[in-house]
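Residues per chain, in single letters:
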Amino acid sequence: MKVCKFGGSSLADAGQVAKVCEIVAADPDRRIVVVSAPGKRHAADSKVTDMLIACAQDRISGGSAAGQIAAVVQRYAEIQEELGLSASLVNAIRADLEARGASADQDPEVLMDLFKAAGEANCAKLVAAALQARGVNAEYVDPGEAGMLLEGEHGQAVPLPETYGNLKKLADRDAVSVFPGFFGKTREGRVITFPRGGSDITGAILAAAVNADLYENFTDVDSVLAVDPRIVPNSRPVANLTYAEMRELSYAGFSVFHDEAIQPAIEAGVPICIKNTNAPLNPGTMIVPARETETDEVVGIASDAGFCTVFIKKYLMNREVGFLRRLFEIFEAEGVSIEHMPSGIDNISVIVRADRFDDATEHRVMHKLKTELGVDEIAVERDLALIMIVGEGMRFHVGIAAKATQALAEAGANIEMMNQGASEISMMFGVKDRDRERAIQSLAKAFF
Ligand code: ASP
């Protein structure tokens, strides 16, 4: 059994919905279909989810949201008409949106989620109808009725443990289940959404719940690329990644999707395949628990800007019991997460994300470091970028660091920091933001 999830660009217009139906019909193992709301048809277009947020905002500020609702209905109407589906579907969508607008609930967060969830809910109804019209025995599944129970803050929901047992029953249905992504219900029966992009989470939860053989994630690219194509054009496709490689790469800003979103599938050990709706026969990228054969030393290079280093020096720091604990507490008190911490004998660098470390925070931390820890020297450097080279094969190859540092030297990039993860499947380099692109191009040339 396969769970397949289609993102917004795969459902943006009638032509795309037709492709989705074709893909589902082509493989009888595709038993559960998770859909996003229709996305952008071209660069200047709006995503239906953003249009629904505008509906909610108007309604929250006392308006009727009538104009915004009509614009959303129009998006669905175009798909319905072009696919020759019944007009009653669009009437039902209009009625559904108006009912959400007329909700007696006045809590802005509740109203916001009620509207946001409408994008996926109505898209799933349309896709179920389009599949039926194509002769596929498909039915819309209401997440609340199926038991997608969530808790937490609005827009940040997480599944309750019983959700998995509830959703397992979908595996027994005869019809193909068309399940809207992005939302579920609280125990109290309120609609609640995941973070943006959360249909990936719905798909991963379902894949885990039914213990799928494969979780197919359909998007608009052929595969994951080894390097960001904006930095290295014609970058090579990655045929397969392990869960651990995916985690390391997505930490450092790797594209396609965020590993946290697919965590439920990873925990259940379900392999994930990233595929292109526009070229479904291409193999895509497989993300698997472990690699059977040893392949390349490095599978991908990722990078992320916006880090900042707090360099701390104190003579005999290594002998001072509790120094690190007190150092951590200073950052903890400011609510700043420590990302990395390369260290020497009498010195340590604390690397944090710059957006969590503004000037005022920096000032307070510096003051505490001087007065509470009595450090000899402190310096803060901003504009740091981290570059990660990742590959399970690194463990078995000698000379990776030499090759990488040579490439960085050739690019004229000064290495501010260097760290090999304890797991030995990644190596991280800190360089100045301005050297980042050149450094990556040089690394890509060396390894690929
Ligand atoms: N439609 C939602 C969003 O735009 C969820 C998703 O597409 O995954 O964020």
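One can find the structure itself at the top, above this paragraph.
Residues numbered from 1 in each chain as written. Predicted model: local features only at pLDDT ≥ 70, side-chain atom pairs only at ≥ 80, totals over all residues. Heavy atoms only, no water.

A. Looking closely at the overall build of the protein chain. Across its full length, the protein chain carries 14 helices and 17 strands. In terms of overall size, the protein chain behaves like a compact globule, its C-alpha atoms giving a radius of gyration of 25 Å where 448 residues would be expected to give roughly 22 Å. Taking the principal axes of the C-alpha coordinates as reference, the protein chain spans close to 75 × 50 × 40 Å. Within the span of the protein chain, comprising 448 residues, buried residues form 52% of the whole. Look at the contacts in the protein chain between residues 6 or more apart in sequence, and 74% of them connect residues 24 or more apart. Of the roughly 19700 Å² of accessible surface on the protein chain, a fraction of 49% belongs to carbon and sulfur atoms. (Helix = DSSP H or I, 4+ residues; strand = E, 2+ residues; numbered from the N terminus. Rg over C-alpha atoms; globule rule 2.2 N^0.38 Å. Buried < 20%, exposed > 50% of the residue type's maximum accessible area, 1.4 Å probe, protein only. Contact = heavy atoms within 4.5 Å. Areas by Shrake-Rupley, 256 points an atom, 1.4 Å probe, with all protein chains shown as cover.)

B. Looking closely at the packing of aromatic side chains. Enumeration over the complete set of coordinates arrives at two aromatic pairs. Summarising the aromatic geometry, the rings of Phe6 and Phe218 are spaced 4.7 Å apart at their centres and angled 15° between planes, so their arrangement reads as stacked. One end of the pair, Phe6, is in strand 1 (residues 2-6); the other, Phe218, is in strand 9 (residues 214-219), with 212 residues separating them in the sequence. Exposure class is identical for Phe6 and Phe218. Each is buried. For the pair Phe331 and Phe357, a centre-to-centre distance of 6.3 Å together with 20° between the ring planes defines the contact as stacked. Taken as a pair, Phe331 in helix 11 (residues 323-333) and Phe357 in the loop between strand 14 (347-353) and helix 12 (359-373) lie far apart in primary sequence, 26 residues in all. (Phe/Tyr/Trp six-rings, centres within 6.5 Å; stacked < 30°, edge-to-face > 60°.)

C. Representation of the site of the ligand in the model. Residues in close proximity to the ligand include Ser36, Thr49, Glu120, Phe182, Arg196, Gly197, Gly198 and Ser199, which together make up its full environment. Arg196 has a polar side-chain atom sitting 2.6 Å from an oxygen atom of the ligand. Residues that form the shell around the ligand fall into these classes: one nonpolar, five polar and two charged. (Near = heavy atom within 4 Å. Polar contact = N/O pair within 3.5 Å; in protein donor to acceptor, adjacent residues only side chain to side chain. Nonpolar A, V, L, I, M, F, W, Y, C, P; charged D, E, K, R; others polar.)

D. Inspection of the environment of Ile351 at higher detail. Position of Ile351 among the secondary structure elements: in strand 14. Taking the C-alpha atoms as reference points, Ile351 and Phe429, separated by 78 residues in sequence, lie 12 Å from one another. Beyond its immediate sequence surroundings of up to four residues, Ile351 is in contact with Phe307, Cys308, Thr309, Ile338, Glu339, His340, Pro342, Leu384 and Met417.

E. Seen up close, the side chain of Asp45. Here Asp45 shows up in the loop between strand 2 (30-35) and helix 2 (48-60). If sequence neighbours within four positions are ignored, Asp45 has contacts with Gly39, Lys40 and Arg75.

F. Here's a closer look at the sheet that holds strand 16 (residues 417-420). If you walk across this open sheet you meet the five strands as 14-13-15-17-16, and the pairing is antiparallel. This sheet does not close on itself; its edge strands, each paired only once, are strand 14 and strand 16. Direction aside, neighbouring strands of the sheet carry axes that sit 30° apart on average. Pairing analysis gives seven bridges linking strand 13 (residues 300-313) to strand 14, with the strands arranged antiparallel. Within strand 14, the residue paired with Thr309 across the bridge is Ile351. Contacts from helix 12 reach strand 13 and strand 15 (377-390), with the element oriented near 115° to strand 15. (Pairing = 2+ DSSP bridges. Axes fitted to C-alpha atoms, helices over the stretch in contact; angles between N-to-C directions.)

G. Summary view of the nonpolar core. Judged by nonpolar contacts, the single largest core of 73 residues is most densely connected at Val3, Leu167, Phe179, Tyr215, Ile301, Ile389 and Leu443. One finds Ala14, Val35, Tyr76 and Leu89 within the second-largest nonpolar core, a separate group that totals 46 residues. (Core = buried A, V, L, I, M, F, W, Y, C linked by side-chain atoms within 4.5 Å.)

H. Expanded view of a negative patch on the surface. On the surface, Asp105, Asp107, Glu109 and Glu153 cluster together into a negatively charged patch. Looking at the secondary structure, you find Glu109 in helix 5 (residues 108-133). When its relative accessible area of 47% is taken as the criterion, Glu109 is described as partly exposed. (Patch = residues over 30% accessible without salt bridge, like charges linked within 9 Å, V, L, I, M, F, W, Y side chains within 5 Å. Salt bridge = Lys/Arg side-chain N within 4 Å of Asp/Glu carboxyl O. Lys, Arg positive; Asp, Glu negative; His and termini not counted. Charge placed at Lys NZ, Arg CZ, Asp CG, Glu CD.)

I. Representation of the sheet that holds strand 9. What the eight strands build is an open sheet, ordered 3-6-2-1-9-11-12-10; its pairing is mixed. The open sheet is flanked by strand 3 (138-140) and strand 10 (240-242), the only strands paired with a single partner. The mean inter-strand angle of the sheet, taken between neighbouring strand axes irrespective of direction, is 20°. Here three bridges tie strand 10 to strand 12 (residues 285-288), and the two strands are oriented parallel to one another. Within strand 12, the residue paired with Leu241 across the bridge is Ile287. Most of the contacts of helix 9 (residues 243-251) go to strand 10, to which it runs at about 90°, and overall it touches strand 10, strand 11 (272-276) and strand 12.

J. Summary view of the pattern of salt bridges. Tallied over the entire structure, the rule returns 27 salt bridges. Here Arg100 and Asp96 are joined by a salt bridge, their closest N and O atoms 3.0 Å apart. Placement of both Arg100 and Asp96 in helix 4 (residues 88-101) is noted, with a separation of four residues, approximately one turn of the helix. Among the residues examined, Arg100 registers a relative accessible area of 12% and is labelled buried. Here Asp96 falls in the buried class, since its relative accessible area comes to 18%. Ionic pairing is found between Arg353 and Glu339, a salt bridge with its closest N-O pair at 3.7 Å. Residue Arg353 is located in strand 14, and its partner Glu339 is located in the loop between helix 11 and strand 14; the two are separated by 14 residues in the primary sequence.

K. Seen up close, the environment of Thr285. In this structure, Thr285 sits in strand 12. Residue contacts for Thr285: discarding those within four places in its chain leaves Asp222, Ser223, Val224, Val238, Ala239, Asn240, Leu241, Ile272, Cys273 and Ile274. Polar side-chain contacts of Thr285 include one of 2.8 Å to the backbone nitrogen of Val224. Of note is the side chain of Thr285, whose polar atom sits 2.7 Å from the backbone oxygen of Val238.

L. Summary view of the pairing of strand 6 (residues 176-180). With five of its five residues buried, strand 6 lies for the most part within the structure. The two faces of strand 6 match: Val176, Val178 and Pro180 on one face and Ser177 and Phe179 on the other face are all buried. Sheet topology note: the strand 2/strand 6 ladder contains four bridges and is parallel. Note on strand 6: the bridge partner recorded for Val33 is Val178. Pairing of strand 3 with strand 6 involves three bridges; the strand directions are parallel. Bridging from a neighbouring strand, Ala138 pairs with Val176 of strand 6.

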